[in-house]
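Below, each chain spelled out in residue letters.
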Amino acid sequence: MSFTTIEQATPRLTRSILAVPGSTPALFEKAARSAADVIFLDLEDAVAPDDKEQARRNVIGALNDIDWGGRIMSLRINGLDTHYMYRDVVDVVESCPRLDMLLIPKVGVPADVYAVDMLVTQIEQAKNREKKLGLEILIETALGLANVEAIAQSSRRLEAMCFGAGDFAASTRARTPAIGGLNPDFGVLSDPDPEGQRHFYQGDLWHAAQTRMLVACRAYGLRPIDGPFGDFRDGEGFLAAARRAVVLGFEGKWAIHPSQIEPANRIFSPSAEDVDKARRIVAAMAQAAREGKGAVQIDGRLVDIANIRMAQNLLQKADAIAAFSKALAG
Ligand code: GLV
Ligand code: MG
């Protein structure tokens, strides 16, 4: 390890993050009964400009009156370039003790996060707010990705970053038929095989950007979250995108439709076999340590101390899921 130690953000279970527009109160109760780990009430892009004030009032009522269970409640505020943003923060944070996090969209520079932190800190002090509010942000512009390492270190309140493919495509002028989806033109054409055949392999146009954000998150102790997959009728496409994300190290994915919650929870949960194997690794390594060995064999594979770290992460997650499921069950 480096001599520099990095503090890890408060661990929170964030396999599925359900987006709920603040302008559609009819969806609130249903969302509260869903199995989403996190719900973010949206005041930004899902809300038309004429509805912004009413949506803010709806959200305040909903956070105070609805029983959201033990899950994390987040609020997506409007961008720092709009005049809605300061009231989103002041009005909602001042009057909603239930709120856990603010989601800041289109962050471009560290000062964007710093500014919100300053405002939140003043409100917390003035109102003696008991719960310390966390911040999460969207990396969804070229500027945000260009500054992602500095943004990751911008505030001690910052806990997570989400990759937003929709606005990212708009910002970089990428061509994508649906938010977070692929483009059939993006791929490689193989050289001819011995029969002279060439094959086209489709690629993932988000991979480089997602990986850059993920590395910045992990380097500075934040949770990386994958954002929306817009075509909610394409269940297989969603599953494939979620699987790619979990393999890379993401902690969860947005659900822009309730049908995406269960698949996200499943994909971002360790399987029973993985948990069993992790327990065996931890037990075998403890035994190896007692015998003065640094590595052992499990299922015919060499296992060393790096595997213990992975196994411990996985077991921690399994424990958090068990605790959350218990809390949801009542
Ligand atoms: C999310 O906000 C996105 O733009 O993808
Ligand atoms: Mg966006």
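Everything below is about the structure shown above.
What counts and what doesn't
- Residues numbered from 1 in each chain as written.
- Chains lettered and ligands numbered in written order.
- Predicted model: local features only at pLDDT ≥ 70, side-chain atom pairs only at ≥ 80, totals over all residues.
- Heavy atoms only, no water.
- Near = heavy atom within 4 Å.
- Polar contact = N/O pair within 3.5 Å; in protein donor to acceptor, adjacent residues only side chain to side chain.
- Areas by Shrake-Rupley, 256 points an atom, 1.4 Å probe, with all protein chains shown as cover.
- Helix = DSSP H or I, 4+ residues; strand = E, 2+ residues; numbered from the N terminus.
- Nonpolar A, V, L, I, M, F, W, Y, C, P; charged D, E, K, R; others polar.
- Donors = N, O, S within 2.8 Å, 3.2 Å for Na, K, Ca; no water.
- Buried < 20%, exposed > 50% of the residue type's maximum accessible area, 1.4 Å probe, protein only.
- Expected span 1.5 Å × (residues − 1).
- Arc of directions from axis to C-beta.
- Contact = heavy atoms within 4.5 Å.

A. Molecular detail of the site of ligand 1. Near ligand 1 the following residues occur: Arg 76, Leu 138, Glu 140, Gly 164, Ala 165, Gly 166, Asp 167, Pro 228 and Trp 254. Between ligand 1 and Glu 140, the relevant distance is 2.9 Å, taken from an oxygen atom to a side-chain nitrogen or oxygen of the residue. A distance of 2.8 Å separates an oxygen atom of ligand 1 from a polar backbone atom of Asp 167. Its free accessible area being 190 Å², ligand 1 has 92% of it covered by the protein chains. Residue contributions to the shell around ligand 1 peak at three residues, all from helix H7 (residues 165-172). Residues belonging to the shell around ligand 1 are distributed by class as follows: four nonpolar, two polar and three charged.

B. Representation of the coordination of the magnesium ion (ligand 2). Protein coordination at the magnesium ion (ligand 2) comes from Glu 140 (OE) and Asp 167 (OD), with a distance range of 2.0 to 2.1 Å. Taken together, the positions of Glu 140 in the loop between strand E5 (134-139) and helix H5 (142-146) and Asp 167 in helix H7 put the pair 27 residues apart, joining distant regions of the chain. Here Glu 140 falls in the buried class, since its relative accessible area comes to 3%. Look at Asp 167 and you get partly exposed, because its relative accessible area is 23%.

C. A look at helix H8 (residues 207-219). Given a rise of 1.5 Å per residue, 13 residues ought to cover 18 Å, and the 18 Å separating the end C-alpha atoms of H8 matches this to within 8%. Residues of H8 that are buried: Ala 209, Gln 210, Met 213, Leu 214, Ala 216 and Cys 217. Down the axis of H8, the sector holding all buried residues measures 160 degrees, keeping them to one side. Gly 221 sits one or two residues past H8 and shows a positive phi near 80 degrees.

D. Here's a closer look at the side chain of Asp 37. One can find Asp 37 in the loop between helix H1 (28-32) and strand E2 (38-42). When near neighbours in sequence (up to four residues on either side) are disregarded, Asp 37 contacts Leu 13, Thr 14, Arg 15, Ser 16, Arg 71, Ile 72, Asn 265 and Phe 324.

E. Local environment of helix H4 (residues 110-127). With 18 residues, H4 should cover 26 Å at 1.5 Å per step; its first-to-last C-alpha distance of 26 Å lies within 8% of that length. All of the buried residues in H4 are Asp 112, Val 113, Val 116, Asp 117, Val 120, Ile 123 and Glu 124. Down the axis of H4, the sector holding all buried residues measures 130 degrees, keeping them to one side. In H4, the exposed positions that point more than 90 degrees away from the buried face belong to Tyr 114, Gln 125 and Ala 126. Contact partners of the buried residues in H4: helix H3 (85-95), strand E4 (101-104), E5 and helix H6 (148-152). Asn 128 occupies a position one or two residues after H4 and carries a positive phi of about 50 degrees.

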